[in-house]
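An overview of the molecular structure
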Amino acid sequence: MIKLFTKKGMNNYNERIAVLERKLNHQQKEVGVAMNQGAETWHDNSPFECARADLTVTDRMVSELYDNLRYAQIREYPRPNGLDTVEYGTRVVFLRDRKRQEFTLVGYGHGDIDRNRIHYDSPLAQVLIGSKVGQSFDGEVNGRQFSFHILEVYPITDYDLL
């Protein structure tokens, strides 16, 4: 499955990998220290178990990030003047079950749910992509049915990615 990135998104993504690899290296050292400390006692080695669990989580995260890179494709966001269709690289304002929401549909390396930026291939984005301003429809997200109404669609701006 292709994973879309912009050039800037790819840089962000690689920076994230570098941070996690440094963390992984530090955690590997912690596991070694905890293992040596535990060898000196006969009882359970809780610090070792905790350090090993943290290491496993970080290792999985790094592996998933690298796995996405195997399918990476650079595609910059479209910059059309007028939009009426939800697509990759757009900001969409809509009603979900009559509740107003706004999300920006981004590629990998730009996703940030705290800033309402979701990956274009997320379940919610997949329901929204292809819909037009003024369109009402029902859709399923993570096994739940919702009613949607598209209010506005905007091209993504550099401000949206700050």
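Structure: see above.
Residues numbered from 1 in each chain as written. Predicted model: local features only at pLDDT ≥ 70, side-chain atom pairs only at ≥ 80, totals over all residues. Heavy atoms only, no water.

**Re the environment of glutamate 87**
Applicable threshold: Each helix is a run of H or I in the DSSP string that is no shorter than four residues. Each strand is a run of E no shorter than two, and both are numbered from the N terminus. The cut-offs for exposure are 20% and 50% of the maximum accessible area for each residue type, with area from a 1.4 Å probe on protein chains only; residues under the lower value are buried, those over the upper are exposed, and the others partly exposed. Contacts: residue pairs with any heavy atoms within 4.5 Å of one another.
As for its position among the elements, glutamate 87 is in the loop between strand 2 (72-74) and strand 3 (90-96). Look at glutamate 87 and you get partly exposed, because its relative accessible area is 28%. On a C-alpha basis, the gap between glutamate 87 and alanine 125 in space is 8.6 Å, while along the polypeptide they are 38 residues apart. If near-sequence neighbours (up to four positions away) are discounted, glutamate 87 is found in contact with Pro78, Leu105 and Ile129.

**Brief notes about the packing of aromatic side chains**
The relation between two aromatic rings is expressed through the spacing of the ring centres and the mutual angle of the planes. The following threshold applies: Paired rings are identified among Phe, Tyr and Trp, the last through its six-membered ring, by centres lying within 6.5 Å, and are further divided according to the angle between planes into stacked (under 30 degrees), edge-to-face (over 60) and tilted (the rest).
Considering all chains together, one arrives at nine aromatic pairs under this definition. With a centroid separation of 5.5 Å and 85° between ring planes, the pair formed by tyrosine 88 and tyrosine 120 is classed as edge-to-face. Residue tyrosine 88 is located in the loop between strand 2 and strand 3, and its partner tyrosine 120 is located in the loop between strand 5 (117-119) and helix 3 (123-128); the two are separated by 32 residues in the primary sequence. Judged by relative accessible area, which is 10%, tyrosine 120 ranks as buried. Arranged with centres 5.3 Å apart and planes meeting at 15°, the rings of phenylalanine 137 and phenylalanine 148 form a pair that is stacked. Linking phenylalanine 137 in strand 6 (residues 136-141) with phenylalanine 148 in strand 7 (residues 144-155), this pair joins segments that are 11 residues apart in sequence. For the pair phenylalanine 137 and phenylalanine 148, one class covers both residues: buried. Clustering of aromatic rings is evident, with ring pairs tying together Phe5, Tyr13, Tyr77, Tyr88, Tyr108 and Tyr120.

**Some thoughts on helix 2 (residues 46-69)**
Heads up, the rule is: A helix is expected to span 1.5 Å for every residue after the first.
In this model, helix 2 (24 residues) spans 35 Å end to end at C-alpha, consistent with the 34 Å of a helix rising 1.5 Å per residue. All of the buried residues in helix 2 are Phe48, Ala51, Leu55, Thr58, Val62, Leu65 and Asn68.

**So, the sheet that holds strand 6**
Hydrogen bonding along the main chain pairs the strands of a sheet, whether they run parallel or antiparallel. We apply this condition: Only strands joined by at least two bridges in the DSSP assignment are considered to pair. All axes here are fitted lines through C-alpha atoms, helices being fitted over the stretch that makes contact, and every angle between N-to-C directions spans 0 to 180 degrees.
Judged by pairing direction, the sheet is mixed, and its five strands sit side by side in the order 5-4-3-7-6 without closing on themselves. Two strands lie at the open edges of the sheet, namely strand 5 and strand 6, each paired on one side alone. Direction aside, neighbouring strands of the sheet carry axes that sit 45° apart on average. Note: strand 4 (residues 99-106) against strand 5, three bridges, orientation parallel. The partner of valine 106 across the bridge, within strand 5, is histidine 119.

**Side note on unusual backbone geometry**
Phi at aspartate 97 is positive, roughly 50°, even though this residue is not glycine. Within the secondary structure, aspartate 97 sits in the loop between strand 3 and strand 4. In this structure aspartate 97 comes out as partly exposed when scored by relative accessible area, which is 41%. Here the phi dihedral of asparagine 142 falls at roughly 50°; this positive angle occurs in a residue that is not glycine. With respect to the element layout, asparagine 142 can be found in the loop between strand 6 and strand 7.

The values are spatial; any link to function lies outside them.
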